[in-house]
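Observations on the model geometry
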Amino acid sequence: MPVFASLTDPIVELAVDVVDALGLPGIFLLMVAESACIPIPSETTFLFAGFNVSRGEYSLFAVVATGTVANVVGSWIAYAVGYYGRIDILEKHGRKLHIKPSHLKWADDWFARYGSATVFFSRMVPIVRTFISLPAGVARMPFWRFTLLTTLGCIPWILMLTVLGREVGDNWERWKDKLHYVDYAVLALIVLGAIWLFARWRRGRAGAAAPAADAPH
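Residues numbered from 1 in each chain as written. Predicted model: local features only at pLDDT ≥ 70, side-chain atom pairs only at ≥ 80, totals over all residues. Heavy atoms only, no water.

Some thoughts on helix α8 (residues 143-168)
- For α8, which comprises 26 residues, the first-to-last C-alpha distance of 38 Å matches the rise-based estimate of 38 Å (1.5 Å per residue) to within 8%.
- Two residues or fewer after α8 comes Gly-169, characterised by a positive phi angle close to 60 degrees. (Helix = DSSP H or I, 4+ residues; strand = E, 2+ residues; numbered from the N terminus. Expected span 1.5 Å × (residues − 1).)

Quick notes on the pattern of salt bridges
- Counted according to the given criterion, the structure contains three salt bridges.
- The partner of Glu-34 in a salt bridge is Arg-129, and the shortest N-O contact between them spans 2.4 Å. Taken as a pair, Glu-34 in helix α2 (residues 24-35) and Arg-129 in helix α6 (residues 128-131) lie far apart in primary sequence, 95 residues in all.
- Glu-167 is the partner of Arg-166 in a salt bridge, and the nearest nitrogen-oxygen pair spans 3.0 Å.
- Exposure remark for Glu-167: the relative accessible area of 55% places this residue in the exposed category. (Salt bridge = Lys/Arg side-chain N within 4 Å of Asp/Glu carboxyl O. Buried < 20%, exposed > 50% of the residue type's maximum accessible area, 1.4 Å probe, protein only.)

Remarks on unusual backbone geometry
- The phi dihedral of Cys-37 falls on the positive side, at around 75 degrees, and the residue is not glycine.
- Topologically, Cys-37 is positioned in the loop between α2 and α3 (42-54).
- Look at Arg-140: it is not a glycine, yet its phi comes out positive at around 55 degrees.
- Given a relative accessible area of 34%, Arg-140 falls into the partly exposed group.

Regarding the packing of α2 against α3
- Remark: α2 packs on α3, axes separated minimally by 10 Å, with the N-to-C direction vectors making an angle of 160 degrees. Classified by the angle their axes make, α2 and α3 are roughly antiparallel. Crossing angle aside, the handedness with which α2 passes α3 is left-handed. Contacts between α2 and α3 involve Ile-27, Leu-30, Met-31 and Glu-34 on the former and, on the latter, Ser-42, Thr-45, Phe-46 and Ala-49.
- Residues belonging to the contact of α2 with α3 are distributed by class as follows: five nonpolar, two polar and one charged. (Axes fitted to C-alpha atoms, helices over the stretch in contact; angles between N-to-C directions. Parallel < 35°, antiparallel > 145°, perpendicular 65-115°, else oblique. Left-handed = near helix turned anticlockwise from the far one by under 90°. Contact = heavy atoms within 4.5 Å. Nonpolar A, V, L, I, M, F, W, Y, C, P; charged D, E, K, R; others polar.)

Topic: α3
- For α3, which comprises 13 residues, the first-to-last C-alpha distance of 18 Å matches the rise-based estimate of 18 Å (1.5 Å per residue) to within 8%.
- Counting buried positions over the 13 residues of α3 gives twelve, a clear majority of the element.
- Along α3, the residues that are buried comprise Ser-42, Glu-43, Thr-44, Thr-45, Phe-46, Leu-47, Phe-48, Ala-49, Gly-50, Phe-51, Asn-52 and Val-53.
- In the segment just after α3, Gly-56 is the residue with positive phi, at about 80 degrees.

Some remarks on the side chain of Thr-66
- As for its placement among the helices and strands, Thr-66 is situated in helix α4 (residues 60-93).
- Taking relative accessible area as the criterion, Thr-66 reaches 17% and is therefore assigned buried.
- Contact partners of Thr-66, with chain neighbours within four places excluded, come to Leu-24, Ile-27 and Phe-28.

See the structure below:
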């Protein structure tokens with residue numbers, strides 16, 4: 001994990017420098033990028049912004065409003081990439097990528113059933129919140145429902161981090177380092193989940209191949 005932290009340190013420093021130099025416009029730029037699948041650490045951005053709130057540089061409302069609008073705009077970008085990428089790449093050339101129409105239908109059905117809760121709650125989960133808009137676009141989740149749930153999901157996360165940064169003041173960096181462990185835990189769960197899905201997929205292929213091999217010629 002220290003290796004992972006060392007890799008992310010330049011991004012963390014960039015986020016602090018941008019907010020320090022540009023203020024609210026800097027927060028906007030960083031959070032548009034973060035929601036457009038560029039892994040800018042929102043924890044660092046809003047803890048430092050909260051520290052600046054404690055110094056009176058701008059208000060809590062201004063930070064939350066700026067961050068929320070920026071997250072929505074960035075999410076629109078990722079959603080559009082998923083939506084139009086599905087048409088131009090997955091539907092036309094999906095077989096070359098081993099993506100079948102049944103896979104796309106599964107994504108559509110899954111998002112139709114669970115997508116609302118997924119989009120809302122994932123906006124409050126580190127790492128996942130950065131990428132959730134892309135599969136929502138691929139699954140063609142209704143745009144305005146996606147926008148509403150993204151907005152509602154962003155507000156608690158941004159508010160929590162900014163208030164925490166404001167309350168801890170000069171100690172915001174210590175809290176930033178503590179929150180890295182949450183990132184590590186989420187990343188570990190994602191890796192384990194990916195391994196489990198891959199193993200399940202391999203078992204499914206093996207099960208389908210066995211009857212085909214036993215069939216009379």
